[in-house]
Amino acid sequence: MSEASIYQSLRGHMAELRLTAAAEVLPRELERARTGDLSHVAFLESLLAIEVEAVHARRLASLTRFAGLPSPLHISDFDFEAQPSVDAKLVRELETLQFLEDATNVLMIGPPGVGKTMLAIGLGWAAVEAGYRVHYTTAAELAARCRKAALEGRWSSVMRFYAGPSLLIVDEVGYLPMAAEAAAALFQVVTQRYLKGSICLTTNLGIASWGKVFNDDPMVAAAMLDRLLHRSVVFNIEGESYRMRAHRARAEATRRAVRGQ
Ligand code: ADP
Ligand code: MG
């Protein structure tokens, strides 16, 4: 075979194997090998490294899209000093993602503005960047999606969807009271993930008032809590809203400036 037909055949193999990134840089890399006197091994390694990097980038982009995390903030952006009721060491431990391996749940309980969502999303990013499948939803969105699926006869497929990710973040449980139907959907999601996949749930309701979210059905609330808490890490976050705090600090600075102090 001539050099040219070997080259054409190589391009054919690369297309068949979908080595698109490597194919794109092939002429450049061949030239580099010729002029830089690379060994065969070094040439092949650098070519495949380019493909591997592209595959990783594609996977990360796809996991990121699927996760739907609503903010780019990471755990490293969290100001632990401003929030002494959050055990920083425990958060760092969760960041190792060991908890995903034994389907431990994480509950963030506290009033609005104290950083529950930010921490949940930060754990979400850590998991996405480590290659786990993560999905973020609010309790209201989960309920709406399940309702729609039920109406369209797709109940089992929506349940499979929520069973899939290694980490399911359910934000804002308890902000709105749930209709019996919505509570049943959340209950089923929690039940089917029990001991199989982690849930990170945020809520403004103390555990004692969970009956209220579930349409005053203390049995459903108790059964759900049982499953959520059986293997779990719970953060009871206290204190005032981070935004209010920042707002107050700014207002105070303005007042001082006006007074010329
Ligand atoms: P919650 O979910 O508890 O209502 P959020 O996580 O939405 O609160 O926090 C409200 C806002 O304050 C967000 O913009 C968040 O990034 C910010 N915030 C809260 N706590 C902290 C913190 N300790 N360090 C940095 N930003 C914070
Ligand atoms: Mg929130």
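Student: Help me understand the packing of helix 9 (residues 180–193) against helix 11 (residues 218–230), please; the structure alone is not making it clear to me.
Tutor: The angle between the axes and the distance between the axes are what describe a pair of packed helices. Relative to each other, helix 9 and helix 11 sit at 30°, their axes nearing to 9 Å. Comparing the axis directions of helix 9 and helix 11 gives the class roughly parallel. The crossing of helix 9 and helix 11 is left-handed. Facing helix 9, whose interface residues are Leu186, Phe187, Val190 and Thr191, helix 11 presents Val220, Ala223, Met224, Arg227 and Leu228. Within the contact of helix 9 with helix 11, the residues separate by chemical class into 7 nonpolar, 1 polar and 1 charged.

Student: Can you walk me through the domain arrangement of the protein in this structure?
Tutor: Size of an interface: often given as the accessible area lost when the parts come together. Split by domain assignment, the protein resolves into domain 1 (3–67) and domain 2 (75–245). Its C-alpha centre places domain 1 at a distance of 41 Å from the equivalent point of domain 2. The interface of domain 1 with domain 2 comprises 5 residues on the first partner and 11 residues on the second. The largest per-residue losses of area from domain 1 upon contact with domain 2 belong to Leu63, Phe66 and Ala67, which jointly make up 79% of the total buried on that side. Connecting domain 1 to domain 2 are 0 salt bridges. Summed over the shared surface of domain 1 and domain 2, the result is 3 residue pairs in polar contact (both at pLDDT 80 or more). Residues that form the side of domain 1 that touches domain 2 fall into these classes: 4 nonpolar, 1 polar and no charged.

Student: Whenever I open this one, the pattern of salt bridges confuses me. Can you help?
Tutor: Per the counting criterion, the structure on display carries 9 salt bridges. Arg34 is paired through a salt bridge with Glu31; the nearest N and O atoms lie 2.9 Å apart. Linking Arg34 with Glu31, this pair stays in helix 2 (residues 20–36), spanning 3 residues, or about one helical turn. Classification of Glu31 by relative accessible area gives partly exposed; the value is 39%. A salt bridge links Lys148 to Glu152; its shortest N-O distance comes to 3.4 Å. When its relative accessible area of 48% is taken as the criterion, Lys148 is described as partly exposed. Taken together, the salt bridges that share partners define one network made up of Arg28, Glu29 and Arg32.

Student: Looking at this model, I keep getting lost on the site of ligand 1. Mind explaining?
Tutor: Around ligand 1 sit 16 residues in total, of which Asp79, Gly113, Lys116, Thr117 and Met118 are the nearest. Here Val114 contributes a backbone N or O atom positioned 3.2 Å from an oxygen atom of ligand 1. In this structure, Met118 approaches ligand 1 through a main-chain N or O atom, which is 2.8 Å from an oxygen atom. When ligand 1 sits alone it has 550 Å² of accessible area, and the protein chains cover 84% of it. If you list the elements that add at least two residues to the shell around ligand 1, you get helix 6 (116–129) and helix 12 (242–258). The element contributing the most residues to the shell around ligand 1 is helix 6, with 3 residues. The residue makeup of the shell around ligand 1, split by class, is 8 nonpolar, 4 polar and 4 charged.

Student: Mind showing me how you'd approach the packing of aromatic side chains here?
Tutor: The geometry of an aromatic ring pair comes down to the distance between the two centres and the angle between the two planes. Considering all chains together, one arrives at 3 aromatic pairs under this definition. Ring centres 4.9 Å apart and planes at 65° place the aromatic pair Phe78 and Phe80 in the edge-to-face group. Neither residue differs from the other here; Phe78 and Phe80 are each classed as buried. With 5.1 Å between their ring centres and 75° between their planes, Phe161 and Tyr162 make a pair best called edge-to-face. With a relative accessible area of 21%, Phe161 lands in the partly exposed category. In this structure an aromatic cluster arises from ring pairing among Phe66, Phe161 and Tyr162. Sitting over the face of the ring of Phe66, Arg133 holds its NZ or CZ atom 4.0 Å from the ring centroid.

Student: Looking at this structure, how should I read the side chain of Glu51?
Tutor: Examined against the element boundaries, Glu51 turns out to sit in helix 3 (residues 40–67). One buried charged residue, Glu51, remains without a salt bridge, the closest side chain of opposite sign being Arg58 at 4.3 Å. Once you skip the residues sitting within four places of it in the chain, Glu51 turns out to touch Arg18, Leu19, Thr20, Ala21, Ala22 and Arg58.

What counts and how
- Every chain's residues receive numbers from 1 upward, in the order its sequence appears when written.
- Labels are handed out in written order, letters beginning with A for the chains and numbers beginning with 1 for the ligands.
- For a predicted model such as this one, the threshold for reporting local features is a pLDDT of at least 70, and the threshold for listing and counting side-chain atom pairs is 80 or more; totals across whole chains, interfaces and linings nevertheless cover every residue.
- Side-chain descriptors were evaluated using all non-hydrogen atoms of the structure, hydrogens and water having been removed beforehand.
- For helices, the fitted axis covers only the stretch in contact; all axes are lines through C-alpha atoms, and the angles between them, taken along N-to-C directions, range from 0 to 180 degrees.
- Runs of H or I in DSSP of at least four residues are treated as helices and runs of E of at least two as strands, each being numbered from the N terminus.
- Oblique is the label for every angle not falling under 35 degrees (roughly parallel), over 145 degrees (roughly antiparallel), or within 65 to 115 degrees (roughly perpendicular).
- Two helices crossing with the near one rotated counterclockwise from the far one by less than a right angle form a left-handed crossing, whereas a clockwise rotation gives a right-handed crossing.
- For this analysis, residues touch if any pair of their heavy atoms sits within 4.5 Å.
- Polarity classes work like this: nonpolar for Ala, Val, Leu, Ile, Met, Phe, Trp, Tyr, Cys and Pro, charged for Asp, Glu, Lys and Arg, and polar for all others, with Gly in that last group.
- An automatic or database domain assignment provides the domain bounds reported here.
- Buried area is understood as the total, over both parts, of accessible area removed when two parts are fitted together, assessed with a 1.4 Å probe.
- A side-chain nitrogen of Lys or Arg and a carboxyl oxygen of Asp or Glu constitute a salt bridge if their distance falls within 4 Å.
- Think of a polar contact as two N or O atoms within 3.5 Å of one another; within protein, one of them needs to be a possible hydrogen donor and the other a possible acceptor, and neighboring residues in sequence only count if both atoms come from side chains.
- Residue burial is assigned from relative accessible area. The probe radius is 1.4 Å, only protein chains are included, and a residue is buried under 20% of its type maximum, exposed over 50%, and partly exposed in between.
- Definition of nearness: a residue and a molecule or strand are near each other if at least one heavy atom of the residue lies within 4 Å of the molecule or strand.
- Per-residue accessibility takes into account occlusion by the displayed protein chains alone, with areas from the Shrake-Rupley method and a 1.4 Å probe.
- Within 6.5 Å between ring centres, the rings of Phe, Tyr and Trp (the latter by its six-membered ring) count as paired, and their orientation is classed by plane angle as stacked under 30 degrees, edge-to-face over 60, tilted in between.
- Two conditions define a charge sitting above a ring: the NZ of Lys or the CZ of Arg must be within 6 Å of the ring centre, and it must be within 35 degrees of the ring normal.
- The positive count covers Lys and Arg only, the negative count covers Asp and Glu only, and His and the chain ends enter neither.

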